[in-house]
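Spelled out from the first residue to the last, the chains are:
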Amino acid sequence: MSVQLKCEKAVLGYDNNVVSEQIDFSVSRGDYLCVLGENGAGKSTLMKTLLGLTPLMGGSITFCGDMAQNEIGYLPQQTQVQRDFPASVREIVQSGCLNRCGLRPFYNREEKEMARSAMEKLGITDLAKSCYRELSGGQQQRVLLARALCATRKMLLLDEPVTGLDPKAAREMYELTAKLNREEQVTILMISHDINAITYATHILQIGKTQQFFGTKDEYLKSRIGQAFLCNFGEEGSSDVGTL
Amino acid sequence: MSELFNTLSYYFTYPFVRYAMIVGLLIALCSSLLGVTLVLKRFSFIGDGLSHVAFGAMAVAAVVGVTNNMLIILPVTVISAILLLRSGQNTKIKGDAAVAMISVGALAIGYLLINLFSKSANIAGDVCSTLFGSTSILTLTVSEVWLCIGISAVVIAVFLLFYNKIFAVTFDENFSKATGIRANAYNLMIAVITALIIVLAMNLVGSLLISALIIFPALSAMRVFKSFRSVIICSAVISVFCAALGIILSILFSTPVGSTIVAADIVVFFVFSLIGRIKS
Ligand SMILES: Nc1ncnc2c1ncn2[C@@H]1O[C@H](COP(=O)(O)OP(=O)(O)O)[C@@H](O)[C@H]1O
Ligand SMILES: [Mg+2]
């Protein structure tokens, strides 16, 4: 297993306000890491820091082997895309290929083919000409996932990808990412509150003011902190605990 | 009807009318290309602020008495564009307040300077024509026409070359940044081109009406079309059409050019809103 990403004693935050510190974990090719933590714990901040959108306040983040920072596909928590933005599905998916273009002004055949195959994988081929803003939440997430796939085949960061989706769309979203992880060896880092997300994970990272847990899923489920997490869901009456 | 047509063809024998037409159509085309991006990025306010800065710069140019006032207006507006964009990005200083401050300030200082130093007998008329572009489009010299053609060519070329990048940065800036697109550089480029267009458009519609020229065609196209490309093409067509119509009508009925064009844009906007309503 080749290590792709190493995070050592990282301090996360914005302009001198520390949100979370002592973050220590590493991710290898083909891993499926689920990031847990309360609201405001700094999960999104962690992703933005990994992507280089927010500066790291301390410690280090290293990309190893053939992995580079700008080779991460990203599905933001809330796309600040305005509701009135006119864009077709194909235009959006293709824009994921842009980092391959360099200064070339137009997409070449290979890039168009990549976009086509990404849409096919996510089952949105027949939506190619549709208007993004008129799609359902689940379809929109698939479009953004297809775009992220165009940007990379190595690592995807998904920030609460099922928020606002109905249970069926949410399950489909989880299955899609699991399939990408299994069949294409795409490394997945996913933030989720949802117990279903853990079903597919290989590793768990839980953060708060400091890091609370990092290890494999099995270790997590046996640990005290993992038990506490499961208990919460038990109290809320989730029937999915049994599937773990 | 044929009488109107005769009048029109009579006017078009004059070179200055033909110049006005060429320049008008080019400006309309350029402003509509970027209009979509500016509206979507919520940058319309920058356009408005810059047009006031350009007015202030023009006043300074008039007072200093340079022969080619573009030499002052162009750099001042471009630099302001860069500064405004930076303040707009900085969420700590309220971006819109900074823009409002600069734009109103430039307007006031500009008017003050003209009043204090202008040797012209008709100050009110001068100010009015700078603000509303009443006649300047009909007094273009050949060199001004060439300057306009040159700048338009640059704007159109940059837009075509960077079309995909402009789309990506407009649609989702964070994603572009994360995948290694230099979004800030493209934002800067968009701001500089906006400044160029505004300086150009001052001749056509005057500084107060520029925003209308930039925004209305984009908003109209967005009512009806659903993909980025079709919106851009449609807004270019609308803008050029309205500019042509506005210039012709203003010649025939001797109305002010700028307001006539903007009026045409507004009518088209309502028509397209209606079409969009019916379609959905
Ligand atoms: N752009 C920002 N500037 C300053 N503080 C921020 C910014 N974004 C988030 N924060 C703060 O950082 C903390 C962690 O936020 P976030 O990483 O979004 O949490 P979550 O784990 O829910 O995703 C919150 O207290 C939030 O208020
Ligand atoms: Mg978050």
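Everything below is about the structure printed above this text.
What counts, and where the lines are drawn
- Residues numbered from 1 in each chain as written.
- Chains lettered and ligands numbered in written order.
- Predicted model: local features only at pLDDT ≥ 70, side-chain atom pairs only at ≥ 80, totals over all residues.
- Heavy atoms only, no water.
- Near = heavy atom within 4 Å.
- Polar contact = N/O pair within 3.5 Å; in protein donor to acceptor, adjacent residues only side chain to side chain.
- Areas by Shrake-Rupley, 256 points an atom, 1.4 Å probe, with all protein chains shown as cover.
- Helix = DSSP H or I, 4+ residues; strand = E, 2+ residues; numbered from the N terminus.
- Nonpolar A, V, L, I, M, F, W, Y, C, P; charged D, E, K, R; others polar.
- Contact = heavy atoms within 4.5 Å.
- Expected span 1.5 Å × (residues − 1).
- Buried area = accessible area lost by both parts, 1.4 Å probe.
- Salt bridge = Lys/Arg side-chain N within 4 Å of Asp/Glu carboxyl O.
- Pairing = 2+ DSSP bridges.
- Axes fitted to C-alpha atoms, helices over the stretch in contact; angles between N-to-C directions.
- 1 Å grid on protein atoms, 1.4 Å probe; cavity = no way out; pocket = protein on both sides within 12 Å on 5 of 7 lines; lining within 4 Å.
- Points joined across faces, edges and corners; volume = space filled by probe spheres on them.
- Buried < 20%, exposed > 50% of the residue type's maximum accessible area, 1.4 Å probe, protein only.

Asker: What am I meant to see in the site of ligand 1 here?
Answerer: Residue and element names in this part refer to chain A. Every residue close to ligand 1 is listed here: Tyr14, Val19, Glu38, Asn39, Gly40, Ala41, Gly42, Lys43, Ser44 and Thr45. In this structure, a nitrogen atom belonging to ligand 1 sits 3.2 Å away from a side-chain N or O atom of Tyr14. Between ligand 1 and the protein, one listed contact pairs an oxygen atom with a backbone N or O atom of Ala41 at 3.3 Å. Burial of ligand 1 by the protein amounts to 57% of the accessible area it has alone, namely 560 Å². For the shell around ligand 1, the element with the most residues is helix H1 (residues 43-51), which contributes 3 residues. Each residue belonging to the shell around ligand 1 can be placed in one class, and the counts come to 3 nonpolar, 5 polar and 2 charged.

Asker: Explain the environment of Phe12(B) to me, please; I cannot follow it from the model alone.
Answerer: Looking at the element boundaries, Phe12(B) is found in the loop between helix H1 (2-11) and helix H2 (15-40). If we skip the residues at most four places from it in the chain, Phe12(B) touches Val17(B), Arg18(B), Met21(B) and Ile251(B).

Asker: It is not clear to me how helix H12 (residues 228-252) of chain B should be interpreted in this structure. Could you clarify?
Answerer: Since the α-helix packs 3.6 residues into each turn, any two residues three or four apart lie on the same face. Compared with the 36 Å implied by 1.5 Å per residue over 25 residues, the 36 Å span of H12(B) between its first and last C-alpha is a close match. The positive-phi residue at the C-terminal boundary of H12(B) is Ser254(B), with phi of around 40°.

Asker: Hey, could you run me through the interface of chain B and chain A in this one?
Answerer: Counting residues at the interface gives 28 residues for chain B and 38 residues for chain A. Of all residues in chain B, Phe171(B), Phe175(B) and Lys226(B) give up the largest surface area on contact with chain A, accounting jointly for 27% of the area buried on that side. Taken together, chain B and chain A are joined by 2 salt bridges. Of the charged contacts, one joins Arg147(A) and Asp172(B) as a salt bridge, the two residues approaching to 2.9 Å between their closest N and O atoms. Our enumeration of links across chain B and chain A arrives at 10 residue pairs in polar contact (both at pLDDT 80 or more). Only helix H7 (142-161), helix H8 (163-171), helix H9 (173-178) and H12 of chain B provide two or more residues apiece to the side of chain B that touches chain A.

Asker: Is there a simple way to think about the sheet that holds strand E9 (residues 211-216) of chain A in this case?
Answerer: By definition, the strands of a sheet pair up through backbone hydrogen bonds, in either a parallel or an antiparallel sense. All names here are of chain A. Strand order in the open sheet formed by 6 strands is E5-E6-E7-E3-E8-E9, and the pairing between neighbours is mixed. The open sheet has two free edges, formed respectively by strand E5 (72-75) and E9, since each of these has just one partner strand. On average, each strand axis in the sheet is tilted by 15° relative to the strand beside it, whichever way the strands run. Bridge count for strand E6 (residues 155-159) against strand E7 (residues 187-191) is 5 bridges, and the pairing is parallel. Note that in E7 the partner of Leu156 across the bridge is Ile188. Here helix H6 (residues 167-183) sits on the sheet in contact with strand E3 (32-36), E5, E6 and E7, set at roughly 150° to E7.

Asker: Which parts of the structure should I look at to understand the layout of surface pockets?
Answerer: The rolling of a water-molecule-sized probe over the atoms marks out the regions of remaining empty space. In this structure, the second largest pocket encloses a volume near 620 Å³. In this structure, the second largest pocket is lined by 23 residues; those nearest its centre are Glu91(A), Gln94(A), Tyr163(B), Asn164(B) and Arg229(B). Listing elements by their share of the lining of the second largest pocket, those giving two or more residues are helix H2 (89-95) of chain A together with H2, H7, H8 and H12 of chain B. Ranked by residues supplied to the lining of the second largest pocket, first place goes to H12(B) with 4 residues. Of the residues contributing to the lining of the second largest pocket, the split by class is 13 nonpolar, 4 polar and 6 charged.

Asker: Would you mind showing me how to read the pairing of strand E8 (residues 203-207) of chain A here?
Answerer: Regular strands show a simple pattern: their side chains alternate between the two faces of the sheet. All names here are of chain A. The element E8 is largely enclosed, with a buried count of 5 among its 5 residues. Neither face of E8 is left uncovered, since the one carrying His203, Leu205 and Ile207 and the one carrying Ile204 and Gln206 both have all their residues buried. Bridge analysis of E3 against E8 gives 4 bridges, and the strand direction is parallel. Across the sheet, residue Val35 finds its bridge partner in E8, namely Leu205. Sheet topology note: the E8/E9 ladder contains 5 bridges and is antiparallel. Directly across from Ile207, in E9, lies its bridge partner Gln211.

Asker: What's the story with the pairing of strand E2 (residues 17-28) of chain A in this structure? I'm lost.
Answerer: Residue and element names in this part refer to chain A. Two strands pair when backbone bridges link them, and strand E1 (residues 3-14) and E2 are joined in this way by 8 bridges, in the antiparallel orientation. The residue of E2 that forms the bridge with Leu5 is Val27. Between E1 and the antiparallel strand that follows it, E2, lie 2 residues; Asp15 among them carries a positive phi value of about 30°.

In short, shape yes, function no, at least from these values alone.
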